[in-house]
Amino acid sequence: MHLMELPREVLLGENLKDKVSQVAKRLKLGEKALILYGPKTKEIAGKDVEKHLKDFFEVEGLIVKEASMKEVEKTLNVIRNEGINWVIGVGGGSIIDVAKLASFKADIPFISFPTTASHDGIASANASIKDLGTKTSVKARPPVAIIADVEVIKTAPYRYLAAGVGDMISNLTAVKDWELAHKIKGEYFSEYAASLSLMSAKMVIKNADIIRLGNEESVRKVIKGLISSGVAMSIAGSSRPASGAEHLFSHALDAIAPKPALHGEQCGVGTIIMAYLHGLKWQKIRETLKKVGAPTNAYELGIDPEYIVEALTIAHTIRPERYTILGKDGLTREAAEKAAKITGVI
Ligand SMILES: NC(=O)C1=CN([C@@H]2O[C@H](COP(=O)(O)OP(=O)(O)OC[C@H]3O[C@@H](n4cnc5c(N)ncnc54)[C@H](OP(=O)(O)O)[C@@H]3O)[C@@H](O)[C@H]2O)C=CC1
Ligand SMILES: O=C(CO)COP(=O)(O)O
Ligand SMILES: [Zn+2]
């Protein structure tokens, strides 16, 4: 049996910080809520959401520092000790993933309230959590509702929107890797999930000129694409449609670079290199990223070229069960340098 769980409500619009209570009541989520936010997202939107919620619910607030198992356990303790009925994550991908996994472990629902359009974990059923130094992809449940407040997301620095494009353009190489794993390893492949995932990538390529304006229309377009990409992952039952070798490269950078860039920025650059390895039109990918103002090389990522090459050579070890264009043995140092130089990444 293949179980596909999907969000029940998606709200996309302006000034939604006071609409969470209505959604929670409509979905009969229960009396006691836990709101998770980061130190910045508490100020950006979390405090206001919490204030409005307190008119109708008993609310506990908790600051989450990173997407790690330690933070998931910390959250789980609060859920159990306080008898929490439902969770809301107000923040970027890290906060949403902690809310997703902790609520799943406690078997209670959660609401996704994104403050940026920087990642496609807003709607997905899987959580990317750091454990023992590297990111693992853990099966969980999708949010019961998504509340995407364009007013909030619009105020995030433009860089986050461009990162969202990077996370979506990744789907081009992720799907290629998935097809490869299907052919070579007999891995389950969903044509429907793959098509939906590719639709988001094609949408950002087609709309790059609109997205780069960074206005409300841009935010709406990117958010819709990110939600579709997340739904594709939920349909697949894993992050396969949206995470291939380009993501392994980003996870490797997170593990070794002294100051990693944003997830979507690193994935975008990884997509250029993996598209080259797949024999795809990598120039078109680079052109789109340039058009929207996303980084396309080591310098723009703010990462030393040495780490780029090292990340390329170790990426295949991050999740060995996920077969990609990097194969079982990965890239040699020479091959990594060559691919990064040809594509202009270093
Ligand atoms: N589960 C899935 O399917 C997916 C998961 N991911 C994961 O998501 C994470 C990446 O998410 P991303 O959003 O890029 O990064 P983070 O969630 O790590 O946020 C990065 C920084 O941006 C800040 N921030 C958030 N919103 C705003 C805003 N509106 N204005 C200014 N600053 C803001 C955060 O503040 P604060 O410090 O307050 O948190 C934080 O300091 C990674 O862990 C990645 O693996 C990515 C794609 C899919
Ligand atoms: O980031 C993701 C999709 O964009 C999914 O992340 P994982 O690589 O951790 O599965
Ligand atoms: Zn991603």
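See the structure shown above.
Residues numbered from 1 in each chain as written. Chains lettered and ligands numbered in written order. Predicted model: local features only at pLDDT ≥ 70, side-chain atom pairs only at ≥ 80, totals over all residues. Heavy atoms only, no water.

### Let's talk about the sheet that holds strand 1 (residues 9–13)
Next, step 1: Taken in spatial order, the six strands line up as 1-8-5-4-2-3 in an open sheet, and their pairing is parallel. Edge positions in the open sheet fall to strand 1 and strand 3 (58–63), since each of these has one partner strand only. Adjacent strand axes in the sheet meet at a mean angle of 15° when their direction is disregarded.
Next, step 2: Where strand 1 and strand 8 (residues 145–149) come together, five bridges link them in parallel fashion. Looking at strand 8, one finds that Leu12 is bridged to Ala148.
Next, step 3: Against the sheet, helix 3 (residues 69–82) makes contact with strand 2 (32–37), strand 3 and strand 4 (86–91), and its axis sits at roughly 160° relative to strand 3, the strand it touches most.
Next, step 4: Those strands touched by helix 4 (residues 93–106) are strand 2, strand 4 and strand 5 (110–114), and its axis lies near 170° from that of strand 4. (Pairing = 2+ DSSP bridges. Helix = DSSP H or I, 4+ residues; strand = E, 2+ residues; numbered from the N terminus. Axes fitted to C-alpha atoms, helices over the stretch in contact; angles between N-to-C directions. Contact = heavy atoms within 4.5 Å.)

### Brief notes about the pairing of strand 3
Next, step 1: Pairing of strand 2 with strand 3 involves six bridges; the strand directions are parallel. Each residue of the ladder has a partner; that of Leu36, found in strand 3, is Leu62.
Next, step 2: A crossover connection joins strand 2 to the parallel strand 3 through helix 2 (residues 39–53); in handedness this β-α-β unit is right-handed. (Right-handed = clockwise from strand over helix to strand, strands pointing away.)

### Points about the site of ligand 1
Next, step 1: In the vicinity of ligand 1 lie 28 residues, with Lys40, Ser94, Ser118, Asn126 and Tyr160 positioned nearest.
Next, step 2: Within the side chain of Asp97, one N or O atom sits 2.9 Å away from a nitrogen atom of ligand 1.
Next, step 3: Between Tyr160 and ligand 1, the recorded distance is 2.7 Å, taken from a side-chain N or O atom to an oxygen atom.
Next, step 4: Protein coverage of the free-state accessible area of ligand 1, which is 930 Å², stands at 87%.
Next, step 5: Elements that contribute at least two residues to the shell around ligand 1 include exactly helix 2, helix 4, strand 6 (126–131) and helix 6 (158–169).
Next, step 6: Counting residues per element, the shell around ligand 1 draws most heavily on helix 4, which supplies five residues.
Next, step 7: The residue makeup of the shell around ligand 1, split by class, is eight nonpolar, 14 polar and six charged.
Next, step 8: Two domains each put at least three residues into the shell around ligand 1: domain 1 (9–154) and domain 2 (158–342). (Near = heavy atom within 4 Å. Polar contact = N/O pair within 3.5 Å; in protein donor to acceptor, adjacent residues only side chain to side chain. Areas by Shrake-Rupley, 256 points an atom, 1.4 Å probe, with all protein chains shown as cover. Nonpolar A, V, L, I, M, F, W, Y, C, P; charged D, E, K, R; others polar. Domains from an automatic or database assignment.)

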